[in-house]
Amino acid sequence: MTSTGMRTEAEDSGPSGYAAARLRLLQEGARSGPPRRAALAELTDEWLTGLFGAGTQDGKDSKRSRDRTDGTEGRDGTDDAARLAQKGAGGRREGLRGVSLVAVGGYGRGELSPRSDLDLLLLHDGSDSGAVAALADRIWYPVWDLGLALDHSVRTPGEARKTAGDDLKVQLGLLDARHIAGDLGLTASLRTAVLADWRNQAPKRLLELQELCVERAERQGELQYLLEPDLKEARGGLRDATALRAVAASWLADAPREGLADARRHLLDVRDALHLATGRATDRLALQEQDQVAAELGLLDADTLLRQVYEAARVVSYASDVTWREVGRVLKSRAVRPRLRAMLGGGAKPAAERSPLAEGVVEMDGEVVLARAARPERDPVLPLRAAAAAAQSGIPLSLHAVRRMAAVARPLPTPWPAEAREQLVTLLGSGRPTVEVWEALEAEGLITRLLPDWERVRCRPQRNAVHIWTVDRHLIETAVRASELARRVGRPDLLLVASLLHDIGKGWPGDHSVAGEIIARDVATRIGFDRADVAVLATLVRHHLLLVDTATRRDLEDPATVRSVAEAVGSQGTLELLHALTEADALATGPAAWSSWRGSLVTDLVKRVAAVLAGDAPEEPEAAAPTAEQERLAIEAFRTGGPVLALRAQTEPPTEEEPSGDPEPLGVELLIAVPDQPGVLPAVAGVLAMHRLTVRTAELRALDLPDGVRGSVLLLNWRVAAEYGSLPQAARLRADLVRALDGSLDIAARLAERDAAYPRRRGTIAPPPRVTVAPAASRHATVIEVRAHDAPGLLHRIGRALEDASVRVRSMHVSTLGANAVDAFYVTGPEGTPLPGEEAASVARGLEEMLRG
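A. Just the overall build of the chain, in detail. Along its length, the chain carries 32 helices and 15 strands. Taking the contacts inside the chain whose residues are at least 6 apart along the sequence as the reference set, 71% of them involve residues at least 24 apart. As presented, the chain carries roughly 39,100 Å² of accessible surface, and 50% of it is formed by carbon and sulfur atoms.

B. Structural view of the packing of helix H8 (residues 184-200) against helix H10 (residues 238-250). Interhelical geometry of H8 versus H10 gives an angle of 85° and a closest axis separation of 8 Å. The angle between the axes of H8 and H10 places the two elements in the roughly perpendicular class. Across the interface between the two elements, Leu195, Trp198 and Arg199 from H8 touch Ala246, Ala249 and Ser250 from H10. For the contact of H8 with H10, the per-class residue count stands at 4 nonpolar, 1 polar and 1 charged.

C. Examining helix H12 (residues 287-296) more closely. Taken together, the buried positions of H12 are Glu289, Gln290, Val293 and Ala294. The buried residues of H12 all sit within an arc of 145° when viewed along its axis, so they share a single face. Residues of H12 that are exposed and point over 90 degrees away from its buried face: Gln288, Asp291 and Ala295. Backbone geometry just downstream of H12 places Gly298 in the positive-phi region, at approximately 75°.

D. Just the pairing of strand S2 (residues 118-124), in detail. Taking burial as the measure, the 7 residues of S2 include 7 buried ones, the bulk of the element. Along S2, one buried face is formed by Leu118, Leu120, Leu122 and His124 and the opposite face, lined by Asp119, Leu121 and Leu123, is buried too. In terms of strand pairing, strand S1 (residues 99-103) meets S2 through 5 bridges, oriented antiparallel. Paired with Val99 across the strands is His124, a residue of S2. Pairing of S2 with strand S3 (residues 150-155), which is carried by 6 bridges, proceeds in the parallel orientation. Bridge assignment links Leu118 to a residue of S3, and that residue is Leu150. With respect to chirality, the unit in which S2 leads through helix H5 (residues 129-145) into the neighbouring parallel S3 is right-handed.

E. Region of interest: empty space enclosed by the protein. Considering all chains together, one arrives at 6 cavities of 30 Å³ or more under this definition. Volume-wise, the largest cavity comes out at about 60 Å³. What lines the largest cavity is Tyr225, Arg314, Val435, Trp438, Glu439, Glu442, Trp454, Asp472, Arg473 and Ile476. At the level of elements, helix H17 (433-443) and helix H19 (471-484) are the ones that each hand at least two residues to the lining of the largest cavity. Per-element accounting of the lining of the largest cavity gives the leading share, 4 residues, to H17. Residue composition of the lining of the largest cavity, by class: 5 nonpolar, no polar and 5 charged. Of the voids in this model, the second largest cavity is the one considered here, and its volume is about 50 Å³. Lining the second largest cavity are Tyr318, Asp321, Arg325, Pro396, Leu397, Glu436, Glu439 and Ala440. Split into classes, the residues belonging to the lining of the second largest cavity amount to 4 nonpolar, no polar and 4 charged.

F. Inspection of the confidence of the model for the chain at higher detail. Looking at the chain as a whole, the pLDDT averages 85, with 85% of positions reaching at least 70. Between the elements of the chain, mean pLDDT differs from a low of 32, seen in helix H3 (residues 80-87), to a high of 98, seen in helix H20 (residues 492-501). This stretch, residues 59-95, has a pLDDT under 50; its non-local contacts, to residues over four places away or in other chains, come to 41 contacts. Here residues 652-666 is modelled with pLDDT under 50, and outside its nearest four sequence neighbours on either side it reaches 23 contacts, counting other chains as well.

G. Seen up close, unusual backbone geometry. In this chain, Thr414 is followed by Pro415 through a cis amide linkage whose omega measures 0°. Looking at the secondary structure, you find Pro415 in the loop between helix H15 (399-408) and helix H16 (418-428). Positioned with a positive phi, Trp251 is a non-glycine residue whose angle comes to about 70°. One non-glycine residue, Ser806, lies in the positive phi region at around 65°. With respect to the secondary-structure elements, Ser806 resides in the loop between helix H31 (794-804) and strand S14 (808-817).

H. Quick peek at H16. Buried residues dominate H16, accounting for 11 of its 11 residues. Buried within H16 we find Ala418, Glu419, Ala420, Arg421, Glu422, Gln423, Leu424, Val425, Thr426, Leu427 and Leu428.

I. Structural detail: the packing of helix H14 (residues 382-393) against H16. Two numbers describe how H14 lies on H16: the axes approach to 8 Å, and their chain directions differ by 30°. With respect to H16, the axis of H14 lies roughly parallel. By crossing handedness, the relation of H14 to H16 is classed as left-handed. Contacts between H14 and H16 pair Leu384, Arg385, Ala387, Ala388, Ala391 and Gln392 from the former with Glu419, Ala420, Gln423, Leu424, Thr426 and Leu427 from the latter. When its residues are assigned to classes, the contact of H14 with H16 shows 7 nonpolar, 3 polar and 2 charged.

J. Quick look at the nonpolar core. Counting residues in hydrophobic clusters, the biggest one holds 94 residues, and the most contacted among them are Leu397, Trp416, Trp438, Leu451 and Trp454. Looking at which element gives the most residues to this core, the answer is H14, with 8 residues. Among residues more than four places away in sequence, those in contact with Trp438 are Leu424, Leu427, Leu428, Ile447, Leu451, Trp454, Ile476 and Leu500. Core analysis: the next-biggest nonpolar cluster, separate from the first, contains 49 residues, Leu645, Leu716, Leu733 and Leu851 among them.

K. Examining the pattern of salt bridges more closely. Here the structure, examined in full by the defined rule, presents 52 salt bridges. Residue Arg553 is joined to Asp549 by a salt bridge in which the shortest nitrogen-to-oxygen separation is 3.7 Å. One end of the pair, Arg553, and the other, Asp549, are both in helix H23 (residues 546-553), 4 residues apart, so they sit about a helical turn from each other.

L. How the structure looks around the pairing of strand S13 (residues 782-789). Of all 8 residues that make up S13, 6 are buried, and the element is covered over most of its length. As judged from the 5 bridges shared by strand S12 (residues 770-774) and S13, these two strands associate in the antiparallel manner. Its bridge partner lying in S13, Val771 is registered against Val786. With 8 bridges joining them, S13 and strand S15 (residues 820-828) adopt antiparallel strand pairing.

M. Inspection of the packing of aromatic side chains at higher detail. Overall, the coordinates contain 4 aromatic pairs when judged by the stated rule. Ring centres of Tyr18 and Trp47 lie 4.2 Å apart, and the angle between their planes is 5°; this geometry places the pair in the stacked category. Of this pair, Tyr18 sits in helix H1 (residues 3-27) while Trp47 sits in helix H2 (residues 34-70), and the two are 29 residues apart along the sequence. A relative accessible area of 0% means that Tyr18 is categorised as buried. Measuring from centroid to centroid gives 5.2 Å for Tyr141 and Trp144, while their planes differ by 85°, and the two rings are edge-to-face.

N. Geometry of the sheet that holds strand S4 (residues 178-182). In spatial order, the strands read S3-S2-S1-S4; together these 4 strands make up an open sheet with mixed pairing. Looking at which strands have only one partner, the edges of the open sheet turn out to be S3 and S4. On average, each strand axis in the sheet is inclined to that of its neighbour by 20°, with strand direction left out of account. Each of S1, S2 and S3 touches H5; the most contacted strand, S3, lies at about 175° to it. Running over the sheet, H8 touches S1, S2 and S4 and is turned about 105° from S2.

O. Highlighting the sheet that holds strand S7 (residues 367-370). Judged by pairing direction, the sheet is antiparallel, and its 3 strands sit side by side in the order S5-S6-S7 without closing on themselves. Edge positions in the open sheet fall to strand S5 (355-358) and S7, since each of these has one partner strand only. When the angles between neighbouring strand axes are averaged without regard to direction, this sheet yields 40°. Inspection of the sheet shows S5 paired to strand S6 (residues 361-364) by 3 bridges, in the antiparallel sense. Within the sheet, the bridge partner assigned to Pro356 lies in S6 and is Val362.

Calculation notes
Residues numbered from 1 in each chain as written. Predicted model: local features only at pLDDT ≥ 70, side-chain atom pairs only at ≥ 80, totals over all residues. Heavy atoms only, no water. Helix = DSSP H or I, 4+ residues; strand = E, 2+ residues; numbered from the N terminus. Contact = heavy atoms within 4.5 Å. Areas by Shrake-Rupley, 256 points an atom, 1.4 Å probe, with all protein chains shown as cover. Axes fitted to C-alpha atoms, helices over the stretch in contact; angles between N-to-C directions. Parallel < 35°, antiparallel > 145°, perpendicular 65-115°, else oblique. Nonpolar A, V, L, I, M, F, W, Y, C, P; charged D, E, K, R; others polar. Buried < 20%, exposed > 50% of the residue type's maximum accessible area, 1.4 Å probe, protein only. Arc of directions from axis to C-beta. Pairing = 2+ DSSP bridges. Right-handed = clockwise from strand over helix to strand, strands pointing away. 1 Å grid on protein atoms, 1.4 Å probe; cavity = no way out; pocket = protein on both sides within 12 Å on 5 of 7 lines; lining within 4 Å. Points joined across faces, edges and corners; volume = space filled by probe spheres on them. pLDDT = per-residue confidence, 0-100. Left-handed = near helix turned anticlockwise from the far one by under 90°. Core = buried A, V, L, I, M, F, W, Y, C linked by side-chain atoms within 4.5 Å. Salt bridge = Lys/Arg side-chain N within 4 Å of Asp/Glu carboxyl O. Phe/Tyr/Trp six-rings, centres within 6.5 Å; stacked < 30°, edge-to-face > 60°.

Laid out in structure tokens, this is it:
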């Protein structure tokens, strides 16, 4: 039957005809989604229009009887019956002045699900309250008689506007007001007035709306992660989608529209199916009903249903984040603009300040945007560089920047260049801000472009009461937790990447650890780790559950238990990483996954396994012999009595895809030879920091000169890169180094001035630094290990602190892994012997206190 046929039956047969037509519509298998919702709204409109017309007719007859009793007539000499005849009882939508029936809220938007409430407003001009009350009864009671939920009100336009001014939810409902029957002009004037009120009051009301959204999210959680989500109230649900419509109606900001309409439609489709499956007006997608709802929608299973719900919710949540950020920026701009205009004497609006963050990346108006000179089509590392800069600064990525990079950025070569790998590690190691930045990249498809295997875990539900996140969010949460444990391991880069990949196998059938090991090998090789690191990452992914499973399910007193774990782990370094990964994984799973008891069992197991592995510890390797170039520089430094530098660029060879392309720069190798003297390390580190050179790796050692030449020279081998811009000239570096060594250049003051010139940004709070003495690490020196957040001047500060402690640096091994500096300093006393135990501990404590201060 056509909708016209149902409409006629609804009009002719009253409530029973409407009920029958409604039932047939909901049982039609061929019509669902938006067409069914539109047809249901139209059918309901026609039924209510009939009730309204009949009610108005009876009301006019009643008033006519009262008028006749009073002996009165109309002003033009005709009675009410004559005027009613002139208007025509059939003119239901536009006739009958002074009263109208209006749909508001979800019904006003035409979003009627099978068990939705009918949100209705009976609007009147206040001329005859008795007739209006009678009309209301003639409309409301038939609705209640059919068992339909009704949210109703009877108001004049003035009362409606006043109530909206006092109650934000009422105002939001009126923004979607839609005329059903009666005086169209009355409805139109109310709509115009409500929209004008909303736009005039937007600066205040939008803040109230945002607060409501935040409070609701705190109560209901995030739709994209819940196993039993509320489709309407949870963050990313239908309420948020409606809030975005209200923001757009204010004309202050608008949501990103790509995919938003489809997301809203899909959530409504799921709610329709939920109503039909349960026969109830519910928005909560309970576990026991998910299979039936999936079948109603023609989906494979409940997991497929949840994944589609999560994807839709993620679109709405991301659009909300971007929109509310834009609202805040607009409101802030409006508040500041009058003061700026007064300061500038009414002149032109000043250009937004652009503060550089990294090569091709700047901060502007509280967002990370691309620099004017950035060329994403020629710089495949730019998306990762921009993301790392945003996460490190705690500043959101601009939607425009992400979309531009997604549209034109070149794919990374295989394997990735070193910078891309380092930027990924920096992004993963940035703590809580990583989540928002990662979601921005994922919303535009950049994550699956960088890591194709991510597609299988994206929005994948975990039907386990212990897990509170989907698989993909759990992996990011694990990286966030791992960043807090980075000081405990010697290779935080491997810890962070393993955190990202440890459950990557859950997108495949079978044991996810076994599948994950294969995927991890492929991913690690693709992003440029060497063979040894690939093996470690594969081991970590394969055995990421080994420690907690063994500690809680096996007898730790049994030697065979400990030996089996030691054989699986293979080395002390891998055990250290696995211990940290185990804790990060558990903390990111949920509160039930980790406890002090579990932690103590795992720590006990780790100690036992470490004791087994210590028996196979390799001997300390001998230092490599100097190269011919190093010897030449050492002799030149000894002859001139000053520092000698050599710079050599390191580049990535052209790829097979672009054999004629320019080689990609990986950094610059900087060799420095200087006669052995106090203060070399802090001087060199300080000069590099002054010139904005990032130290990626560094080695320092004393080099004895060839036979026949008395003296010792310090040789420093560094790999550096410019933070942004071009590298300084070697002659300028040498001149500043000479001044730093003779004391005429105050490096500390120069670095302090530069730091004070830039306002501090709200970024991630880094975990505190950690300084330890490595026991029995060397027979010839005491090894002090420093793990700290990488920052300009860090090596300069460490070098000064060691000089002040009257210890000599025999050699050092510096590695900047993402945002973490992992440095090992081989130090001796003035006599060239290892420090006594208490003295070494005192030096470590002093160094840690200095870094914390």
